[in-house]
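Observations on chain architecture
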Amino acid sequence: IAVSGTAVAQQDAALPAFDYSHFEDRFRGPEESIRKRQALYLPILKEAAPVLDVACGRGEMLELLREQGIAARGVDLDLDMVERCKAKNLPVERADALAYLEAQPAESLGAVFSAQFIEHLPAAAYVRLIELAFSRLRPGGRLILETQNPECLAIFSQSFYLDPTHVRPVPLEQARFLMEEACFHDIAVHYLSPAAEAGL
């Protein structure tokens, strides 16, 4: 599912240490397939520059945005992911996502995009991400959060627990409530793909 809303007017150190870049290559799928899935966000983001891709990973969304001439940059804590992005000449910084977002000026962003990241966060950090995004978005800015849908029970046997860095699934109504509490409006939900195709 993806939840997006309009603004009015660090990963846990206890996570297991392993090659997450290699893990994504094996279990999330080829970059081209992710690019095809994420292309559906382009109509939402076409007038939303600058876009910040939070936990940008391998940079699929950043590549799509560059191809469309939409100004964007990314942030990720994983050194391998950052190096992969830089090898593709994508504007990415290595930093804690929340600290980076907090350092941005108020109302300086047109959109905050984050795919398959909030399920990696403890609840307090996830709430803070939404609050920070609202304060850094200009009026009319968009927040897009993509995550696995816990209403689809198949994710638990196929993908959610496969990733040892996942903390907890985020129910749709919880995401909607937290975005409303942060003063987002025009909240929309998009069901993206069957569980077997959803990836990590």
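Before going into details, it helps to say that this report is about the structure given with it. None of the values given here were measured: they were computed from a predicted structure.

Residues Leu-172, Ala-175, Leu-178 and Met-179 constitute the buried set of helix α9 (residues 172-181). Taken down its axis, α9 places every buried residue within 135° of arc, on the same side. Directly beyond the C-terminal end of α9, a positive phi value near 85° is found at Cys-183.

What follows deals with the environment of Gly-140. By the element assignment, Gly-140 lies in strand β6 (residues 137-146). Each C-alpha atom of the pair Gly-140 and Ala-111 lies 9.0 Å from the other, and the pair is 29 residues apart in sequence.

What follows covers the environment of Thr-165. Structurally, Thr-165 is set in the loop between α8 (154-158) and α9. Placed 44 residues apart in sequence, Thr-165 and Leu-121 show a C-alpha to C-alpha distance of 8.9 Å. Among the polar contacts listed, one links the side chain of Thr-165 to the side chain of His-120, at a separation of 2.8 Å.

Counted under the stated rule, the structure contains two aromatic pairs. Summarising the aromatic geometry, the rings of Tyr-41 and Phe-113 are spaced 5.1 Å apart at their centres and angled 65° between planes, so their arrangement reads as edge-to-face. With Tyr-41 in the loop between α2 (31-38) and α3 (42-45) and Phe-113 in strand β5 (residues 109-115), this residue pair connects regions lying 72 residues apart in the sequence. You can call Tyr-41 buried: its relative accessible area is 1%. Overall, Phe-113 belongs to the buried group, its relative accessible area being 1%. Relative to Phe-184, the ring of Phe-134 has its centre 5.1 Å away and its plane inclined at 80°; by these criteria the two rings are edge-to-face.

Cut-offs and rules
Residues numbered from 1 in each chain as written. Predicted model: local features only at pLDDT ≥ 70, side-chain atom pairs only at ≥ 80, totals over all residues. Heavy atoms only, no water. Buried < 20%, exposed > 50% of the residue type's maximum accessible area, 1.4 Å probe, protein only. Helix = DSSP H or I, 4+ residues; strand = E, 2+ residues; numbered from the N terminus. Arc of directions from axis to C-beta. Polar contact = N/O pair within 3.5 Å; in protein donor to acceptor, adjacent residues only side chain to side chain. Phe/Tyr/Trp six-rings, centres within 6.5 Å; stacked < 30°, edge-to-face > 60°.

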